[in-house]
Amino acid sequence: MVDGSLSSEAESPDPSGSNPGRSVQEDGASGRQATREDAGSPTREARRIAERSLRGTGAPGTSRAYTVGVISPYLDGSFWNPVLTGIHEAAQQHGCRTLVMRGTPAELEAPSLAREQVDAWIVVIGVNGIERLAGERVPLVVIGTHVHQGNCPSVIPDNHSGIRSAVRHLIEHGHRRIAFVGCFHESDVRVRFEGYRETLAEAGIPLDPELVIRSDDNWYTGGENAAPQLLARRHACTAAVFGTDKNALGMIPLLKAAGVRIPEELAIVGFDDVPEAQATDPPMTTVRQRFEIMGSAACDLVVSMLAGETAPPELVLTPTTLIQRLSCGCDVIQSFLDGEAAPGEDAGGDLDRRMVELLLAPERLAPTTPPAAVWPGVALVLEAFSAAIEGTAPPPAKALERAYQQAVGITPDMGTLMALVRLLRRHHERRRARLGGDAASTHRVDAFLDSVHLSIARARLSVEADAVAQLGMLVRSNYEVGLALLSGSQQESLSLSWLAKTAAIWGCLALREDATTLVVAGAYSRDGSATPPVGSRYRLEAFPPADLLPPSAASGALMMLLLPIRTARRDWGILALMGPTLRELAGDEGTVGIWASLLAAALERNELVQSLSAKNEALQAAYATERTLSDTVRELGCPLIPLLPGVLLVPLVGALDRDRALQVLTAVVEGAGRHEARFVLLDITGVPAVDAQVAHALGQTSRAVALLGARVILVGMRPEIARSLVDVELDDLSTYSSLAGALHELTRGGLRAAGAKRGAPRIA
C-alpha cells in the first residue's frame, strides 16, 4: 500500500513477488470475497465452521466477545479510513469488537496499553515497536507493509500484478517509451518498479534509466517536484506510469500548464485509485486497490487465528484492478455505448444488466450476480421506460426518485450517469428501427428521458448539497468543541462535557500519574451508563475498564478509540471514546485527531496559566521582600541615632557618591524634624574619601537642616580628606576630627556661638 502519507518502516517484500502467500479476491462487483487457499491451509468450509464456533465466545475466562486491537498512526485519509472501516465491518460480522489506537506500537507502549482487553492485534503500516507485540504470542497481522516476524502475516496489495497490467495496457496502445515516476523509499513502489521493468523486458523493450524519475515522496508534492524532470524528457517518452495516484495528480496540472496534451502527447496511468483520480481532467486511468478489503482480510486472518487456525504464509495479497479512463486514451463509457446490442435485446431482456455494468464500468458484473443486487431500482426504471413506450401508467414518481438516488450512490460520475440516458435512447432507437413506432411513442420516450436526465441531476445535486451541509455542521461542531476546550475552564476541559456537542456515546479521560498508572480526570456518558469515577486509578493494561463500558459496547456495533493526549513537551494521558464509525462519530474521520490535539493544548494552556499565576504570586512576594530589604538597606546605610537630647548622630560607612549623598540629605532632614534635633553629627570616619561633589551635597544638607533651626557638624575629618577639601567652600559647616571632640564641646557648651566665629571652619 502507498497512500503518500507515511514511509514504510519495514523491509520490502521480495520484488519478484515470488513469496508464498494467499490472494484475497473480490467476487464480481457485489463486493463479496472469495479466498484462494494454498496447499495445506484449512479449506473455506473449515474456516466457516471455525468462525461459527467463534461467534458469541470471548477471551478465556471471560464472558465478553473477542476484541481486535488496531494500531494505526493516522485515522483519516483515502487509505487509513477505508482500512479501519473494513476491519470494523468484518469484526462485526464475526461478532467481535474493535478497539482502535492512534499511534505506533512504540508510542502507545503496546502491548501494555489495554492488554487485558485485546485478544488479537492488527498494525497498520506504522510498525515501530512491533517486536514487543510479536513476542506476546497472540494473533498479530500487519497491513500495508511486510515485516519479518514469526507467525505475523502481512496483508498488502498485489502491487506486482497491478503494475504489470498497467504497463501491458500502455504497450497494447502502442507505447514503447514509457517512463516510471515514483518514490523508491517505499517498498510498495520498489515492487511496482520491478513489475514495470519485468513487463518491459517481456515485450522486448529495453529499460532506459533516463525514463526512471524519482520523486521526493508519494504525496502531491512529490509529483510537483518531479515535474521538471519529466518535462525535460517530454519528447523522449509517450507515456508515464506513476507509483502513486497522488504523484500523478500533483504533476498533471504542471504538465498541462507546460502545454503537454494528455493523453494525446503523454498517456498517464496511476496507482491506488484515490477519489480524486476520477475527478481530475482528464479522468485518470489507474490501478485500483480496495483498501477496505485489506482491512477486512486482515480481520478475517486474526479471527481465524483466534479460532485456532495456523497462521497463513508471510504475505497475503489483496487484488488490484486496472481502471481505464481518459488519461491513457480509453473512453470506456463511449466504447461501452458503441458496443453492438445483444441479440433480442429489449426492455425486458438483459438491458438491466447492461445498465448496471455501465454504472460499474470498467468493472464487469459477475455472471451469477443479478443486476438488482447492485442496483435494486433498475427494474423500476425499466418499468417506467416500458410505460413510456407503450403509453401505460408509469410507476410512482417517489419510487423512481429513490431508484435514481441509488444509481448516484453506485457512481457519482455525472458522465456515467448521463450515459444511462444515452443507453436508453439508443435502445429505443434500435427498437423503433426494428419494430417501428408512432410519433406519440417517440414523444413520450423523449419526455421520459428528459425527466430521467433531470432527476439524476437533482439526485447528484442533492448528494453535493448534503455534503456541503455536513461540512457546515462539521465546521460548527468543531468550532463549538474548540471554543469549549480553548476558552473554557480547566474543569470544562477535563469533565468532557464538550463531548455533548459530538456523536460520541461514551468517553473517559485518564491522565498519567506515572509510567504505569492512569488516573481518571473526567468521564462522559450520553445514555447515563456507568463511567469510571473521577480520581480512580488504573494500570495501563486495564484501561479502559471493561466492566464500566456502556452496555452497547458488547454488540461490537460501536468503535472504541484510544487517542494519546500528547504535546511536544509532555505525554498527558489517554482519551477513550466510543461511538459509531469514525465518520459517523465526528462527521469527518480526521476530526477526532483534532479533538485530541485541542484537548492536549487546553491541558497545557491550563498548566501554563497556573504556572504563570504561581510565578506572578512569587514575583509579587519577592518584590515586597525587596522593598522591605531596600528600606532596611537605606536605613542601615544612613542610620539616625538619638545620642543626647537634641543631638542626632548619623554614622556613615562606605563610599559616598552623588546618589547616596542625596539619600543622606533626605534622611537627615526627615530625622532632624522628627527628633527635634538642634545638632546633627555626620560621622564620616568610615567614609574612605570625600570629593567636591559629595562635599557640595553635604553643604546642601547643612543648609537644609539650618532651615529647621539645627546645625550640622561634620565628624571624622581626617588629614587626607581635609587636603582634598582645601579649595571647597563648606559655608557654615563645622568640622571635628573625632566624635569624642565634638561630644566634648557639646557637653561643656563650647559649641554655643559665644566663643567661635559662626561659619569659620576649624579642625579640633
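Data block above holds the structure.
Report on the accompanying structure. (Residues numbered from 1 in each chain as written. Predicted model: local features only at pLDDT ≥ 70, side-chain atom pairs only at ≥ 80, totals over all residues. Heavy atoms only, no water.)

All right, on to the packing of helix α20 (residues 658–675) against helix α21 (residues 692–707) then. Running from N to C, α20 and α21 cross one another at 10°; their axes reach a closest spacing of 9 Å. Judged on the interaxial angle alone, α21 and α20 are roughly parallel. Here α20 runs over α21; the crossing is right-handed. Residue-level inspection shows Arg 658, Ala 661, Leu 665, Val 668 and Val 669 of α20 in contact with α21, the latter providing Gln 693, Ala 697, Gln 700, Thr 701, Ala 704 and Val 705. (Axes fitted to C-alpha atoms, helices over the stretch in contact; angles between N-to-C directions. Helix = DSSP H or I, 4+ residues; strand = E, 2+ residues; numbered from the N terminus. Parallel < 35°, antiparallel > 145°, perpendicular 65-115°, else oblique. Left-handed = near helix turned anticlockwise from the far one by under 90°. Contact = heavy atoms within 4.5 Å.)

Omega for the bond connecting Ile 262 with Pro 263 falls within 30 degrees of zero, at 10°, which places this linkage in the cis form. For Pro 263, the position within the fold is in the loop between α7 (245–257) and β11 (267–272). Here the amide bond leading from Asp 281 into Pro 282 is cis, since omega sits at 0°, within 30 degrees of zero. Structurally, Pro 282 is set in the loop between α8 (276–279) and β12 (285–289). Of note in the backbone geometry, Asp 272 takes a positive phi value of approximately 130° without being a glycine. Looking at where Asp 272 falls in the secondary structure, it is placed in strand β11. For Asp 272, a relative accessible area of 2% puts it in the buried group. (Buried < 20%, exposed > 50% of the residue type's maximum accessible area, 1.4 Å probe, protein only.)

This brings us to the pattern of salt bridges. Enumeration according to the criterion identifies 27 salt bridges in this entry. For Arg 115, the salt bridge goes to Glu 136, with nearest N and O atoms at 3.3 Å. With Arg 115 in the loop between β4 (97–102) and β5 (120–124) and Glu 136 in the loop between α3 (130–134) and β6 (140–143), the pair connects residues that are 21 residues apart, well separated along the chain. Between Arg 431 and Glu 390 there is a salt bridge, with its nearest N and O atoms 3.5 Å apart. Within this pair, whereas Arg 431 is found in helix α15 (residues 414–435), its partner Glu 390 is found in helix α13 (residues 378–390), the two being separated by 41 residues in sequence. By relative accessible area, which is 19% here, Arg 431 ends up buried. Residue Glu 390 is classed as exposed on the basis of its relative accessible area of 53%. Salt bridges sharing common partners tie together Glu 109, Arg 512, Arg 566 and Asp 571. (Salt bridge = Lys/Arg side-chain N within 4 Å of Asp/Glu carboxyl O.)

Glancing now at the side chain of Asp 273. Here Asp 273 lies in the loop between β11 and α8. Among the residues examined, Asp 273 registers a relative accessible area of 15% and is labelled buried. Only 3.1 Å separates the side chain of Asp 273 from the side chain of Arg 325, close enough to count as a polar contact. (Polar contact = N/O pair within 3.5 Å; in protein donor to acceptor, adjacent residues only side chain to side chain.)

Tracing the backbone shows Glu 357 in helix α11 (residues 351–360). If we skip the residues at most four places from it in the chain, Glu 357 touches Phe 336, Glu 363, Arg 364 and Leu 365.

Take the pairing of strand β16 (residues 517–525) next. Consecutive residues of a regular strand have side chains that alternate between opposite faces of the sheet. Within β16, 8 of the 9 residues are buried, leaving the element largely enclosed by the surrounding structure. Where β16 lies against strand β17 (residues 537–539), 3 bridges are found, and the strand directions are antiparallel. Across the sheet, residue Leu 518 finds its bridge partner in β17, namely Tyr 538. (Pairing = 2+ DSSP bridges.)

This paragraph deals with α20. Given 3.6 residues per turn, any residue in an α-helix points the same way as the ones three and four places further on. In this model α20 runs 25 Å from its N-terminal to its C-terminal C-alpha over 18 residues, within 8% of the 26 Å that 1.5 Å per residue would give. Of all the positions in α20, only Arg 660, Ala 661, Val 664, Leu 665, Ala 667, Val 668, Gly 671 and Ala 672 are classed as buried. At the C-terminal side of α20, Glu 676 shows a positive phi close to 50°. (Expected span 1.5 Å × (residues − 1).)

The next subject is the packing of aromatic side chains. Overall, the coordinates contain 11 aromatic pairs when judged by the stated rule. Their ring planes at 85° and their centres at 5.2 Å tell us that Phe 79 and Phe 291 sit as a pair that is edge-to-face. Here Phe 79 is found in the loop between β3 (67–72) and α2 (80–93), whereas its partner Phe 291 is found in helix α9 (residues 291–306), with 212 residues between them in sequence. Overall, the relative accessible area of 5% leaves Phe 291 in the buried class. What links up through ring pairs into an aromatic cluster is the set Tyr 74, Phe 79, Trp 80 and Phe 291. Arg 192 extends its terminal NZ or CZ atom over the ring of Phe 271, reaching a point 3.7 Å from the ring centre. For Arg 570, the ring lying beneath its charged end belongs to Trp 572, and the centroid distance is 3.9 Å. (Phe/Tyr/Trp six-rings, centres within 6.5 Å; stacked < 30°, edge-to-face > 60°. Lys NZ or Arg CZ within 6 Å of the ring centre and 35° of its normal.)

Let us look at the packing of α11 against α15. Packing of α11 against α15 leaves a shortest axis separation of 9 Å and a crossing angle of 155°. Comparing the axis directions of α11 and α15 gives the class roughly antiparallel. Considering the relative orientation of α11 and α15, their crossing is right-handed. For the pair α11 and α15, contact is made by Leu 351, Arg 354, Met 355, Leu 358 and Leu 359 and by Thr 416, Leu 417, Ala 419, Leu 420, Leu 423, Leu 424 and His 427, respectively.

In this structure, Ile 143 and Trp 498 are the most contacted members of the largest nonpolar core, which totals 58 residues. Here this core gets 10 residues from one element, more than from any other, and that element is α9. The contact partners of Ile 143, leaving out residues within four places of it in the chain, are Phe 79, Val 83, Ile 87, Ile 122, Val 123, Val 124, Ile 125, Val 155, Met 294, Gly 295 and Ala 298. Counting 37 residues, the second largest nonpolar core, distinct from the first, contains Ile 333, Leu 351, Phe 448 and Ile 456. (Core = buried A, V, L, I, M, F, W, Y, C linked by side-chain atoms within 4.5 Å.)

A few words now on the sheet that holds strand β23 (residues 711–715). Across the sheet, which stays open at both edges, the 5 strands sit in the order β20-β21-β22-β23-β24 with mixed pairing between neighbours. Each edge of the open sheet is held by one strand with a lone partner, namely β20 (641–644) and β24 (734–736). Across the sheet, the mean angle from the axis of one strand to that of its neighbour is 30°, orientation sign disregarded. On top of the sheet, α20 reaches β20, β21 (647–653) and β22 (679–686); it is set at about 160° to β21, its chief contact. Helix α23 (residues 739–747) contacts β20, β21, β22, β23 and β24 of the sheet and is inclined by roughly 160° relative to β22.

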